[in-house]
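Tertiary structure, described
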Amino acid sequence: MIGLQQTERHYWLPAPDPDTGVFARHAFHGRRWEGQPVDVAACGAEVAMAVPSEMDWRTAPTCMACNEFLKSRQTAP
């Protein structure tokens, strides 16, 4: 990742919105999902975690708040 240090890695995972159940691809701190049932995304949303289906990956839009957070981290000094 350009501009990010090795210790600040994030991974993406489709997860359901806690209020609506609609899936979005969120960014999470770490190298990969470690099987935890709940985690806090880069956007601050606390979401349930599970193994996503291929359809979840294809249809879930990217969380733009997570995307903007990571982009702002890349440009920070």
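Not measured: the values here are computed from a predicted model. (Residues numbered from 1 in each chain as written. Predicted model: local features only at pLDDT ≥ 70, side-chain atom pairs only at ≥ 80, totals over all residues. Heavy atoms only, no water.)

1. Observations regarding the nonpolar core
Generally speaking, soluble globular proteins have nonpolar side chains that are buried together. Ranked by size, the top nonpolar core spans 11 residues in total: Tyr11, Leu13, Ala15, Ala27, Phe28, Ala41, Val47, Met49, Cys63, Cys66 and Leu70. Elements that contribute at least two residues to this core include exactly β1 (10-16), β2 (23-29) and α2 (64-75). Among the elements that take part in this core, β1 stands out by supplying three residues, more than any other. Those residues within four positions of Ala27 in sequence are excluded, and the remaining contacts are Tyr11, Trp12, Ala41, Ala42, Cys66 and Leu70. (Core = buried A, V, L, I, M, F, W, Y, C linked by side-chain atoms within 4.5 Å. Buried < 20%, exposed > 50% of the residue type's maximum accessible area, 1.4 Å probe, protein only. Helix = DSSP H or I, 4+ residues; strand = E, 2+ residues; numbered from the N terminus. Contact = heavy atoms within 4.5 Å.)

2. Description of the pairing of β2
Two faces, one strand: in a regular strand the side chains alternate between the faces of the sheet. In terms of residue burial, β2 counts as a mostly covered element, since five of its seven residues are buried. Sheet analysis places β1 next to β2, joined by seven bridges and oriented antiparallel. Among the inter-strand pairings, Pro16 is bridged to a residue of β2, identified as Phe23. Connecting β1 to the next strand, β2, in antiparallel fashion are six residues, including Gly21 with a positive phi near 80 degrees. (Pairing = 2+ DSSP bridges.)

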